[in-house]
Number of protein chains: 2
Amino acid sequence: MPSPLDPFRTRLESLPSSDSLSVDKATARDSVLTKPTGALGRLEELAIWMSGWQGKHPPSCDRPQIIVFAGNHGVCAQGVSAFPQEVTVQMVANFEAGGAAINQLATLFGASFSIHPLNLDNPTEDFTKTSAMSEIECAEALQFGWDAVSGDADILITGEMGIGNTTSAAALATALFGGSGIDWAGPGTGVPASGVQKKAAAIDCALTRHAEILSDPLKVLQHLGGREIAAVAGAIIAARHKNIPVLLDGFVVCAAAAVLFKFNPHALDHCVAAHVSAEPGHKKMLQHLGKEALLSLGMRLGEGSGAALALGIVKGAIAAHNGMASFADAGVSGETGE
Amino acid sequence: MPSPLDPFRTRLESLPSSDSLSVDKATARDSVLTKPTGALGRLEELAIWMSGWQGKHPPSCDRPQIIVFAGNHGVCAQGVSAFPQEVTVQMVANFEAGGAAINQLATLFGASFSIHPLNLDNPTEDFTKTSAMSEIECAEALQFGWDAVSGDADILITGEMGIGNTTSAAALATALFGGSGIDWAGPGTGVPASGVQKKAAAIDCALTRHAEILSDPLKVLQHLGGREIAAVAGAIIAARHKNIPVLLDGFVVCAAAAVLFKFNPHALDHCVAAHVSAEPGHKKMLQHLGKEALLSLGMRLGEGSGAALALGIVKGAIAAHNGMASFADAGVSGETGE
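Residues numbered from 1 in each chain as written. Chains lettered and ligands numbered in written order. Predicted model: local features only at pLDDT ≥ 70, side-chain atom pairs only at ≥ 80, totals over all residues. Heavy atoms only, no water.

Looking at this model, I keep getting lost on the sheet that holds strand β5 (residues 271–273) of chain B. Mind explaining?
Hydrogen bonds along the backbone pair up the strands of a sheet, which may run parallel or antiparallel. Residue and element names in this part refer to chain B. With parallel pairing, five strands are arranged side by side in an open sheet as β2-β1-β3-β4-β5. The open sheet is flanked by β2 (112–117) and β5, the only strands paired with a single partner. In this sheet, adjacent strand axes meet at a mean angle of 25 degrees when their direction is disregarded. As defined by bridge partners, strand β4 (residues 246–248) adjoins β5 across three bridges and the pair is classed as parallel. Across the sheet, Val246 pairs through a bridge with Cys271, a residue of β5. Against the sheet, helix α11 (residues 227–241) touches β1 (64–70), β3 (155–161), β4 and β5, its axis set at about 175 degrees to β3. In the packing of helix α12 (residues 251–263) onto the sheet, the strands contacted are β3 and β4, and the crossing angle to β3 comes to about 110 degrees. (Pairing = 2+ DSSP bridges. Helix = DSSP H or I, 4+ residues; strand = E, 2+ residues; numbered from the N terminus. Axes fitted to C-alpha atoms, helices over the stretch in contact; angles between N-to-C directions. Contact = heavy atoms within 4.5 Å.)

So, in structure tokens, the structure goes:
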């Protein structure tokens, strides 16, 4: 029987690869720049990686796009957040007015920024009781994320806002990677231990209720995710098809990404983990995804803020790669082989 | 008997403190910004710390100054580097022409940049044979670094270039923190294991020769350091006296900083460790200095490159602190205390 999710299955099965010619060009240039071999560490890898996924050399990081999706969550009825649910819409107004952390970082690094509230007046269903979204709702949110990605961007950051969404993300992680709720639930915005227990209980309840769909990652997204999480997933797939590398933000964004990874283990090859957050499950999730974070600064805000901060690192990598002189150009002697 | 190093002893004994009023103002503002308490992790600490050491609120990161000092080292006679010594002067020309990694990072982050070759035609003495510098030479290099710091800067990065200077830095670390040469010698620009052994042997030889001065950090600098290392130390002290916070770069810069730390354990309170480099001794040195690095990206280039890259982090911290809306301004509800 055809499903509205099918187009995304197709998109996840037919993934473009990194461009090996651009990788070769970037690797060759890296090897002649005025520095000892490998002395710029991960900056060198980043420049080569950017070149491959952009399919061009030299690579660029001049047109970063930051997209934040916002959603509301029926599971908030289970008392899983330190903040009331109306904060989601209030924060959307703050994003629109330019007052949030992500606005300042977007301006600092010259990134375009947009905020997309997704039907905030109608939260997803409480996934302890039923599926969070219908197939059509989930597909619409995926498509919304897909459509939000500009073909003109040279790097993408997706962020999210949604009171209750670390519980949804932890539920996704539990469903996709195993364990029980307490293995993945964390303090989120700052709930005390009793709140973490409530999150874990809600997750365990949901996994029992939805046991029959746990082997299908897109169904897991539909049953346990949120609209903003599905939109993040859709945007990440879109970036792949549009030759745009992605900086992954924190726990919630990586839960969305994990859905794609479980569907196709190569689905995140165009993504770098920008940071590891203070949310305890994030480190573990990155291990499952096989990603080593660029930054570890104890951040746990979401909004794409950790990924936006890593723009400075990627811009530095590209600036060094594109702007440095070669040994020959600069008349600098090479290694003696001593 | 008066020594040309005495003025620096005085400067290290009378260190200005962080401004508590500015710290209080920054802490108060941080607590009302539209984010859960602590959700920006180290960015919040950085903004408050910058405010305190700049002695103003709001803090700024608009006028970063990057100063690179270059020196040549007599200990190169011991075969301690993978590159010939003429590379120091060649790289100075590369810095002047804008072709080095640090030039690209300075441009990217809007930092002023200057390169200062220090008597490259006359390397320091081979410290396995005699003291690297006379007291006057060392004092002149310290003063050179002091004078190079602009009172107009709002954050300082010192970098260094000097074939052979990781051996000098490892010798300083061994003298200041104990152990033997092999505990602190590393591959530097990329010497093989046999080169590391030569470095360790040179250090052990030097420590035996100079055993009588090892308890005096400034004498250690004079006997085992280099001109660029002394200049870095002088610049770091100058920054303290001029209300300028400092981003510490890698192994060589931290060896210069360690001299100050051993003289006065509060001498580096105005410094943040920007990164931990791939040079194995650097991590250990940061532990001795009680510093946790902002970045860990496998870099090992020197030139101030790791610290320059961290400018993006500090700029992000300041942008968020200064630009975000408060809960009251944005009409966002606070935590429920759940």
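Explain unusual backbone geometry to me, please; I cannot follow it from the model alone.
When glycine is set aside, most residues are seen to have a negative phi, and most peptide bonds are trans. Cis peptide bonds are those with omega within 30 degrees of zero, and the linkage from His57 of chain A to Pro58 of chain A qualifies with 0 degrees. Positioned with a positive phi, Asn243 of chain B is a non-glycine residue whose angle comes to about 60 degrees. Take Asn243 of chain B: it is sitting in the loop between α11 and β4. Among the residues examined, Asn243 of chain B registers a relative accessible area of 40% and is labelled partly exposed. (Buried < 20%, exposed > 50% of the residue type's maximum accessible area, 1.4 Å probe, protein only.)

Help me understand the pattern of salt bridges in this model?
Pairing is possible between side chains of opposite charge, provided their charged atoms come close. Residues and elements named next belong to chain A. According to the stated counting rule, one finds 18 salt bridges over all chains in the structure shown. With its nearest N and O atoms 3.9 Å apart, the salt bridge here joins Arg42 to Glu45. One end of the pair is Arg42 and the other is Glu45, both in helix α3 (residues 42–54) and three residues apart, which spans about a single turn. Through salt bridges that share partners, Asp6, Arg9 and Asp216 make up one connected network. (Salt bridge = Lys/Arg side-chain N within 4 Å of Asp/Glu carboxyl O.)

Whenever I open this one, the relation of the copies chain A and chain B confuses me. Can you help?
Two chain copies here: they are related by a rotation about an axis and a translation along the same axis. Under the fitted operation, chain A is carried onto chain B by 0.0 Å of movement along the axis and a turn of 180 degrees, and the coordinates agree to an RMSD of 0.0 Å. One copy is carried onto the other by what is essentially a two-fold rotation axis. The position closest to the rotation axis in chain A is occupied by the C-alpha of Gly312 of chain A, lying 2.5 Å away. Taken together, the interface assignments show that 100% of the residues at the interface of chain A recur at the interface of chain B, consistent with an identical surface on both copies. (Least-squares fit on C-alpha atoms with pLDDT ≥ 70 in both.)

I'm lost on the packing of aromatic side chains in this one. Help?
What describes a pair of aromatic rings is the distance from one ring centre to the other and the angle between the planes of the rings. Overall, the coordinates contain six aromatic pairs over all chains when judged by the stated rule. Judged by centre distance (6.3 Å) and plane angle (75 degrees), the ring pair of Phe69 of chain A and Phe144 of chain A falls under edge-to-face. In this pair, Phe69 of chain A sits in strand β1 (residues 64–70) while Phe144 of chain A sits in helix α6 (residues 135–148), placing the two residues 75 residues apart along the sequence. Positioned above the aromatic ring of Phe8 of chain B, the side-chain terminus of Arg11 of chain B is 4.9 Å from the ring centre. (Phe/Tyr/Trp six-rings, centres within 6.5 Å; stacked < 30°, edge-to-face > 60°. Lys NZ or Arg CZ within 6 Å of the ring centre and 35° of its normal.)

What should I look at first to understand the interface of chain A and chain B in this one?
When the parts of a complex come together, some accessible area is lost, and that lost area is often used as the size of the interface. The interface is formed by 58 residues belonging to chain A together with 59 residues belonging to chain B. In total, about 4500 Å² of surface goes out of reach between chain A and chain B, with carbon and sulfur atoms giving 65% of it. Connecting chain A to chain B are zero salt bridges. On inspection of chain A and its partner chain B, the count reaches 14 residue pairs in polar contact (both at pLDDT 80 or more). For the side of chain A that touches chain B, the elements supplying multiple residues, two or more each, are α3, α4 (87–97), α5 (101–108), α14 (305–309), α15 (311–323) and α16 (327–330) of chain A. At seven residues, α15 of chain A tops the list of elements feeding residues into the side of chain A that touches chain B. Its residues assigned to classes, the side of chain A that touches chain B comprises 29 nonpolar, 21 polar and eight charged. (Buried area = accessible area lost by both parts, 1.4 Å probe. Polar contact = N/O pair within 3.5 Å; in protein donor to acceptor, adjacent residues only side chain to side chain. Nonpolar A, V, L, I, M, F, W, Y, C, P; charged D, E, K, R; others polar.)

Would you take a moment to explain the nonpolar core for this structure?
As a rule of thumb, soluble globular proteins bury nonpolar side chains together. Core analysis: the biggest nonpolar cluster contains 260 residues, and Leu247 of chain A together with Leu247 of chain B have the highest contact counts within it. In contact with Leu247 of chain B, not counting residues within four places along its chain, are Ile155, Leu156, Ile157, Val272, Ala274, Leu294, Ala307, Ala310, Leu311 and Val314 of chain B. (Core = buried A, V, L, I, M, F, W, Y, C linked by side-chain atoms within 4.5 Å.)

Sorry, what's going on with the environment of Gly99 of chain A here?
Tracing the sequence through the fold places Gly99 of chain A in the loop between α4 and α5. Among all residues touching Gly99 of chain A, those that are not within four sequence positions of it are Asn94 and Gln104 of chain A together with Thr34, Met324 and Ala325 of chain B.

Which parts of the structure should I look at to understand helix α6 (residues 135–148) of chain B?
Owing to its 3.6 residues per turn, the α-helix brings residues three or four apart onto one side. All names here are of chain B. For α6, built from 14 residues, the straight-helix expectation of 20 Å at 1.5 Å per residue is met to within 8% by its first-to-last C-alpha distance of 20 Å. When α6 is considered as a whole, its buried residues turn out to be Glu135, Cys138, Ala139, Ala141, Leu142, Gly145, Trp146 and Ala148. At its buried positions, α6 is contacted by α1 (6–13), β1, β2, α10 (217–224) and α11. (Expected span 1.5 Å × (residues − 1).)

What am I meant to see in the confidence of the model for chain A here?
The predicted structure's coordinates, where accompanied by low pLDDT, should not be read in detail. Per-residue confidence for chain A averages 96 on the pLDDT scale, and 99% of its residues sit at or above 70. Here the predicted complex carries an ipTM of 0.97, next to a pTM of 0.97. (pLDDT = per-residue confidence, 0-100.)

I would appreciate a short explanation of the packing of helix α7 (residues 165–177) of chain A against helix α9 (residues 193–209) of chain A in the present structure.
Describing two packed helices takes the angle between their axes plus the distance from one axis to the other. Residues and elements named next belong to chain A. Two elements in contact, α7 and α9, have axes whose closest approach is 10 Å; the angle formed by their N-to-C orientations is 50 degrees. It follows from the interaxial angle that α7 and α9 lie oblique. Crossing of α7 over α9 shows right-handed handedness. Of the residues in α9, those touching α7 at Thr166, Thr167, Ala170, Ala171, Thr174 and Ala175 are Lys199, Ile203 and Leu207. Here the residues of the contact of α7 with α9 sort into five nonpolar, three polar and one charged. (Parallel < 35°, antiparallel > 145°, perpendicular 65-115°, else oblique. Left-handed = near helix turned anticlockwise from the far one by under 90°.)

What should I look at first to understand helix α13 (residues 280–289) of chain B in this one?
Residues and elements named next belong to chain B. Residues Gly281, His282, Met285, Leu286 and Leu289 constitute the buried set of α13. Projected onto a plane normal to the axis of α13, the buried residues spread over an arc of 140 degrees and lie on a single side. Structural note: α13 exposes Pro280, Lys283 and Gln287 on the side pointing more than 90 degrees away from its buried face. Taken from the residues just after α13, Gly290 is the one with a positive phi, measuring 70 degrees. (Arc of directions from axis to C-beta.)

Before we go on, may I ask you to explain the environment of Lys284 of chain A in this structure?
Residue and element names in this part refer to chain A. Among the structural elements, Lys284 can be located in helix α13 (residues 280–289). A C-alpha to C-alpha distance of 29 Å links Lys284 and Ala111, two positions 173 residues apart in sequence. In contact with Lys284, other than residues within four places in its own chain, are Asp183 and Trp184. At 2.4 Å, the side chain of Lys284 and the backbone oxygen of Asp183 are in polar contact.

Can you walk me through the pairing of β1 of chain B in this structure?
Remark: a regular strand shows side chains that alternate across the two faces of the sheet. Residues and elements named next belong to chain B. Of all seven residues that make up β1, seven are buried, and the element is covered over most of its length. Of the two faces of β1, the one carrying Pro64, Ile66, Val68 and Ala70 and the one carrying Gln65, Ile67 and Phe69 are both buried. Two strands pair when backbone bridges link them, and β1 and β3 are joined in this way by seven bridges, in the parallel orientation. Across the sheet, residue Ala70 finds its bridge partner in β3, namely Met161. Two strands pair when backbone bridges link them, and β1 and β2 are joined in this way by six bridges, in the parallel orientation. Note on β2: the bridge partner recorded for Val68 is Ile115.

How should I be thinking about the sheet that holds strand β4 (residues 246–248) of chain A in this particular structure?
Residue and element names in this part refer to chain A. Spatially, five strands are ordered β2-β1-β3-β4-β5 in an open sheet, and the strand pairing comes out parallel. At either end of the open sheet lies a strand with only one pairing partner, and these are β2 (112–117) and β5 (271–273). Strand-to-strand twist of the sheet, defined as the mean angle between neighbouring strand axes without regard to direction, takes the value 25 degrees. Against the sheet, helix α11 (residues 227–241) engages β1, β3 (155–161), β4 and β5, with an angle of about 175 degrees to β3. Sitting on the sheet, helix α12 (residues 251–263) is in contact with β3 and β4, with an inclination near 110 degrees to β3.

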